[in-house]
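Structural characterization, general
Next come the chains, spelled out residue by residue.
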Amino acid sequence: AHSYTKYNSWDKIQSWIASISSSNSALISKQVIGNTYEGRPMTVLKLGKRSSSTKPAIFMDCGIHAREWISPAFCQWFVKEALSTYGRDSQMTSLLNQMDVFVLPVFNIDGYDFTHKSNRMWRKTRSRKSGSSCIGADPNRNFNAGWCTLGASSNPCSDTFCGYSPESEIEVKNVANFIRRNKSIIKAYITIHSYSQLLLFPYSYTYDLAADHSELLKVAQGASAALRSLYGTRYTSGPGAATIYPAAGGSDDWAYDLGVKYSYTFELRDTGRYGFLLPESQIKPTCEETMLAVKYIAAYVQKNL
Ligand code: 0X9
Ligand code: ZN
Ligand code: ZN
């Protein structure tokens, strides 16, 4: 059965998506934004109180990288918490009254399924192209932001292969199309990865500082402090290039350059003891503390609409 404190398989997440959206129709709806390379439906959940006027929104995705299992676990947790705290928690109530939150629970579904069935450490998509026996591209090197200029590989066998062209990966194209289509309402982009306990913002494709650098840093530091207040978990915040490493083609830089000012990449627990193999006993504390950071960012965005 599906459990919020376990790493659920794609099949379980898929039935969870169907049941949670049908049992809470006042606050949640779903839309398929396209299929993955292997034909699985990519479903975006929209959380928010129904409104007659169009609401500003936040877009959040999990599971860009297949092996980072805590990430899809967080998106599931977020949806559960949003539904169960609406009407009880004043901040969540106000957020969902005024804004919509789009949640893509698993971005790289084919890769995620492959990590459950064949290779736990798989990172990339599962696309094939004639002429190479190597499979997949790194979805976080495949966005059209300084594409393949830095910290990415043009070798299809590399774990950081940038793909054959920007948005060559259908999953990336589907998400980019959705964000472009909703560009006028999307005020923040949040993408969840692991691990390293970092809160990153643009840029990663250059060492140049973003035009909004000081505001992005201030919000990241506030969010990190909120996260730390629960269990003392320490996060470092800063621009990607200087804080983790320079790497082009990422979703955060792409969203920012499209005009989504509040663009953040989380690298969740831990700092390397377990790495991608974070024990299930840490799902709950990791998700609870991360909720505080995401809610901090959301509240800031809401206040500054
Ligand atoms: O390298 C990445 O894609 C991310 N780290 S991970 O260990 N989860 O693979 C960091 C992404 C930071 N942002 C960009 N490089 N644009
Ligand atoms: Zn990642
Ligand atoms: Zn909770």
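Just above sits the structure.
Attention in this report is confined to the structure presented alongside it. (Residues numbered from 1 in each chain as written. Chains lettered and ligands numbered in written order. Predicted model: local features only at pLDDT ≥ 70, side-chain atom pairs only at ≥ 80, totals over all residues. Heavy atoms only, no water.)

Quick look at the site of ligand 1 now. The local shell around ligand 1 holds 15 residues, among which Arg 123, Arg 141, Tyr 245, Asp 252 and Glu 267 are the closest. Between ligand 1 and Asn 140 there is a distance of 2.8 Å, counted from an oxygen atom to a side-chain nitrogen or oxygen. In the environment of ligand 1, a nitrogen atom lies 3.3 Å from a nitrogen or oxygen atom belonging to the side chain of Ser 204. Here ligand 1 has 420 Å² of accessible area as a free molecule, and 97% of this is covered by the chains. The residue inventory of the shell around ligand 1, partitioned by class, reads four nonpolar, six polar and five charged. (Near = heavy atom within 4 Å. Polar contact = N/O pair within 3.5 Å; in protein donor to acceptor, adjacent residues only side chain to side chain. Areas by Shrake-Rupley, 256 points an atom, 1.4 Å probe, with all protein chains shown as cover. Nonpolar A, V, L, I, M, F, W, Y, C, P; charged D, E, K, R; others polar.)

Turning to the packing of aromatic side chains, a few remarks are in order. Tallying each qualifying case throughout the model produces 16 aromatic pairs. Ring centres 5.1 Å apart and planes at 85° place the aromatic pair Phe 102 and Phe 178 in the edge-to-face group. Of the two residues, Phe 102 is situated in strand E4 (residues 100–104) and Phe 178 in helix H5 (residues 170–181); the sequence distance between them amounts to 76 residues. An identical accessibility class is assigned to Phe 102 and Phe 178; each is buried. Note on Tyr 262 and Tyr 300: the rings are 5.7 Å apart at their centroids and 75° apart in plane angle, and the pair reads as edge-to-face. One end of the pair, Tyr 262, is in strand E8 (residues 262–268); the other, Tyr 300, is in helix H9 (residues 283–303), with 38 residues separating them in the sequence. For the pair shown, Tyr 262 and Tyr 300 are each scored as buried. Within the aromatic cluster, the residues linked to one another by ring pairs are Phe 59, Phe 102, Phe 178 and Tyr 189. The side chain of Arg 126 reaches across the aromatic face of Trp 122, ending 4.7 Å from its centre. (Phe/Tyr/Trp six-rings, centres within 6.5 Å; stacked < 30°, edge-to-face > 60°. Helix = DSSP H or I, 4+ residues; strand = E, 2+ residues; numbered from the N terminus. Buried < 20%, exposed > 50% of the residue type's maximum accessible area, 1.4 Å probe, protein only. Lys NZ or Arg CZ within 6 Å of the ring centre and 35° of its normal.)

What follows deals with the sheet that holds strand E3 (residues 57–62). Strands sit in the order E1-E2-E4-E3-E5-E8-E6-E7 across an open sheet of eight strands; the sheet is mixed. Only two strands of the sheet have a single neighbouring strand rather than two, namely strand E1 (28–35) and strand E7 (236–239). Each strand of the sheet is rotated relative to its neighbour by a mean of 20°, with strand direction disregarded. Both E3 and E4 contribute to a ladder of five bridges, which runs parallel. Among the inter-strand pairings, Met 60 is bridged to a residue of E4, identified as Val 103. (Pairing = 2+ DSSP bridges. Axes fitted to C-alpha atoms, helices over the stretch in contact; angles between N-to-C directions.)

This part is about the nonpolar core. Formed by 82 residues in total, the largest nonpolar core has its most connected members in Leu 47, Phe 59, Phe 78 and Phe 266. Excluding residues within four positions of it along the chain, Phe 59 makes contact with Val 44, Phe 102, Leu 104, Val 175, Phe 178, Ile 179, Ile 186, Ala 188, Tyr 189 and Ile 190. (Core = buried A, V, L, I, M, F, W, Y, C linked by side-chain atoms within 4.5 Å. Contact = heavy atoms within 4.5 Å.)

The next point concerns the coordination of the zinc ion (ligand 3). For the zinc ion (ligand 3), the protein coordination sphere consists of Glu 81 (OE), Glu 81 (OE), Glu 288 (OE) and Glu 288 (OE), at 2.4 to 2.7 Å. Because the angles between the four donor atoms bound to the zinc ion (ligand 3) fall within 50 to 143°, the donor set is best described as irregular. Separated by 207 residues along the polypeptide, Glu 81 in helix H2 (residues 70–85) and Glu 288 in helix H9 bring together distant segments of the chain. Look at Glu 81 and you get buried, because its relative accessible area is 14%. (Donors = N, O, S within 2.8 Å, 3.2 Å for Na, K, Ca; no water. Tetrahedral: all angles 85-135°; square planar, octahedral: opposite > 155°, others 65-115°.)

In this section: the coordination of the zinc ion (ligand 2). Around the zinc ion (ligand 2), the protein supplies His 65 (ND1), Glu 68 (OE), Glu 68 (OE) and His 193 (ND1) as donor atoms, at distances of 2.0 to 2.3 Å. If you list the donors of the zinc ion (ligand 2) from N- to C-terminus, the spacing comes out as H-x2-E-x124-H. Taken together, the residues span a long stretch of sequence, with His 65 in the loop between E3 and H2 and His 193 in strand E5 (residues 186–194) at a distance of 128 residues. As far as the burial class goes, His 65 and His 193 line up, both buried.

Right, let's get into the packing of helix H1 (residues 10–23) against H2. Taken N-terminus to C-terminus, the directions of H1 and H2 make an angle of 20°; their axes are 12 Å apart at the nearest point. Considering the angle they form, H1 stands roughly parallel to H2. Pair H1 / H2 crosses with left-handed handedness. Residues Ile 13, Trp 16 and Ile 20 of H1 pack against Gln 76, Val 79 and Leu 83 of H2. Looking at side-chain class alone, the contact of H1 with H2 contains five nonpolar, one polar and no charged residues. (Parallel < 35°, antiparallel > 145°, perpendicular 65-115°, else oblique. Left-handed = near helix turned anticlockwise from the far one by under 90°.)

In the structure shown here, the tally under the stated rule is 14 salt bridges. Across the pair Lys 261 and Glu 215 runs a salt bridge whose closest N-O atoms are separated by 2.9 Å. Here Glu 215 lies in helix H6 (residues 213–231) and Lys 261 lies in the loop between helix H8 (251–258) and E8, a separation of 46 residues in the sequence. Taking the relative accessible area as the measure of exposure, Lys 261 reaches 28% and is therefore partly exposed. Measuring nitrogen to oxygen at the nearest pair gives 2.7 Å for the salt bridge that ties Arg 269 to Glu 289. Here Arg 269, found in the loop between E8 and H9, pairs with Glu 289, found in helix H9; they are 20 residues apart in sequence, far enough to count as distant. Among the residues examined, Arg 269 registers a relative accessible area of 10% and is labelled buried. The class for Glu 289 is buried, based on a relative accessible area of 0%. Several salt bridges share partner residues, and in doing so they unite Glu 38, Arg 40, Asp 110, Asp 113 and Lys 117 into one network. (Salt bridge = Lys/Arg side-chain N within 4 Å of Asp/Glu carboxyl O.)

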